[in-house]
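# Analysis of the macromolecular model
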Amino acid sequence: MTDLSTKYLGLMLKNPLIVSASPLTAYVDNLQRMEIAGAAAVVLPSLFEEQIELQGMGVAEVTPMNQQSLPDALQHLPEMKGYNRGANGYLAHIYQAKKAISIPVIASLNGYYSGGWVQYARLIEAAGADALELNIYYLATKPNVSGQEIEEMYLHLVRDVKSAVRIPVAVKLSPYFSAFAHMASQLDKLGADGLVLFNRFYQPDIDLETREVVSSLDLSSQSELRLRLRWAAILSSHVKADLALTGGVENGTDIVKGMMAGAKVTAVASVLLKHGIEHIKQILAELEQWLGENEEESIAGIQGIMSQQRVSDPAAFERANYMNVLKSLEE
Ligand SMILES: Cc1cc2nc3c(=O)[nH]c(=O)nc-3n(C[C@H](O)[C@H](O)[C@H](O)COP(=O)(O)O)c2cc1C
């Protein structure tokens, strides 16, 4: 029998497939189906910094009546209760999820700027979450704000969240840093228990008919996994934090690749939105099949074997590889 177990954020997991934050994890009956299908842990949809701030001001939601009296950043906040139940409802969701399933429940906070709202992480811990994923979503659009200032802002936020709670904290990041390895190592030094690679920023589109900016959140494609594999392979021998891969994981061999690059878990969202929650069973069957056919006895046995430090050609993850790819186009 193949041993699929892995350890992530100090949690012993029965396998490396976790379900990442999406509307699917907003319902307890879905969480139960995920557990039955074999998921090792679930991440709840994110609660947003702005929602917590709004609640702190005693405002349930933004209405035309109260809009003008709110700070600029909160004036256009959409109604999010349907997505994550709002700040109080979120705590109840954690509590109900913990009662309904026995796999770990990871809560998620989405923010970028440290403030009073960070203390909310304590309530999330008290509600029973096994760990917290801090999804830092900041789009650096201001020409007068430097990369260094933004990095400081991230570090400040992680430091504050870490000092607010005792449960493990994973940081979900975007790849858009000039020196990602440096940023990851700074977060590691601060004690981030996990790094989640990578956030996908939603990209607005332009509707040519109406000449309006339209929102669209596309599901991922499998090719997005490669960026994650590269960075897991590069970082896994440099950071103590556990690495989680999210983005483009679709089948059992994607999990094998993630483990070989050095990740502790791989997370899925889009593939379940496309094929349904029960698809987890198929992905896990594919994983077991690959391990069996390749006479691998455990996940631990393959973790990190294709990290940059352990492959025969470490440059394959770097610049030299780009030139090789270009050269191969001529052949
Ligand atoms: C509809 C939808 C909603 C999402 N909501 C959240 C969220 O609330 N918080 C979060 O951290 N990520 C959220 N994500 C991102 C996913 O958790 C995941 O990281 C991303 O989709 C990449 O994984 P995938 O390729 O398996 O979809 C969302 C993704 C989708 C498609």
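The rules behind these values
- Residues numbered from 1 in each chain as written.
- Predicted model: local features only at pLDDT ≥ 70, side-chain atom pairs only at ≥ 80, totals over all residues.
- Near = placed C-beta within 6 Å.
- Helix = DSSP H or I, 4+ residues; strand = E, 2+ residues; numbered from the N terminus.
- Nonpolar A, V, L, I, M, F, W, Y, C, P; charged D, E, K, R; others polar.
- Buried ≥ 20, exposed ≤ 12 C-beta atoms within 10 Å, placed from the backbone.
- Pairing = 2+ DSSP bridges.
- Contact = placed C-beta atoms within 7 Å.
- Arc of directions from axis to C-beta.
- Axes fitted to C-alpha atoms, helices over the stretch in contact; angles between N-to-C directions.

## Some remarks on the site of the ligand
In the vicinity of the ligand, 23 residues are found, and the nearest of them are Ser 20, Ala 21, Ser 220, Ala 269 and Ser 270. Those elements that place two or more of their residues in the shell around the ligand are β4 (41-48), β5 (105-111) and α11 (270-275). Sorting elements by how many residues they give to the shell around the ligand places α11 first, with three residues. Taken together, the residues of the shell around the ligand break down into 10 nonpolar, 11 polar and two charged.

## Let's talk about the pairing of strand β12 (residues 265-268)
The two faces of β12 match: Val 265 and Ala 267 on one face and Thr 266 and Val 268 on the other face are all buried. Where strand β3 (residues 17-19) lies against β12, three bridges are found, and the strand directions are parallel. The residue of β12 that forms the bridge with Ile 18 is Ala 267. With three bridges connecting them, strand β11 (residues 242-246) and β12 associate as parallel partners. Residue Ala 244 lies in a different strand from β12, and its bridge partner there is Val 265.

## Focus: the environment of Val 213
Note that Val 213 resides in strand β10 (residues 212-214). Looking at Val 213, the number of C-beta atoms within 10 Å reads 9, which means it is exposed. Contacts of Val 213, omitting those with residues within four sequence positions, involve Pro 204 and Ile 206.

## Quick notes on helix α8 (residues 180-189)
For α8, the full list of buried residues reads Met 183, Ala 184 and Leu 187. Buried positions in α8, seen along its axis, are confined to an arc of 100 degrees and lie on one side of it. Away from the buried face of α8 by more than 90 degrees, exposed residues His 182 and Lys 189 are located. Against the buried residues of α8 lie α7 (147-164), β7 (169-173), β8 (194-197) and α9 (225-235). Of the residues one or two after α8, Gly 191 is the one with positive phi, at around 100 degrees.

## Here's the deal with unusual backbone geometry
Comment: phi is negative for the bulk of residues other than glycine, and the bulk of peptide bonds are trans. Going from Leu 197 to Phe 198, the amide bond is cis rather than trans, its omega being -5 degrees. You can see Phe 198 is positioned in the loop between β8 and β9 (205-207). Positive phi is not limited to glycine here, since Arg 211 has a value of about 55 degrees. Following the sequence through the fold, Arg 211 ends up in the loop between β9 and β10. The backbone of Glu 295 shows a phi angle near 50 degrees, a positive value even though the residue is not glycine.

## Description of the sheet that holds strand β6 (residues 131-136)
The eight strands lie next to each other as β3-β4-β5-β6-β7-β8-β11-β12, forming a closed barrel whose pairing is parallel. Adjacent strand axes in the sheet meet at a mean angle of 25 degrees, parallel and antiparallel pairs treated alike. In terms of strand pairing, β5 meets β6 through six bridges, oriented parallel. Each residue of the ladder has a partner; that of Gly 111, found in β6, is Ile 136. Each of β8 and β11 touches α9; the most contacted strand, β11, lies at about 175 degrees to it.

Shape is all these values report; function is a separate question.
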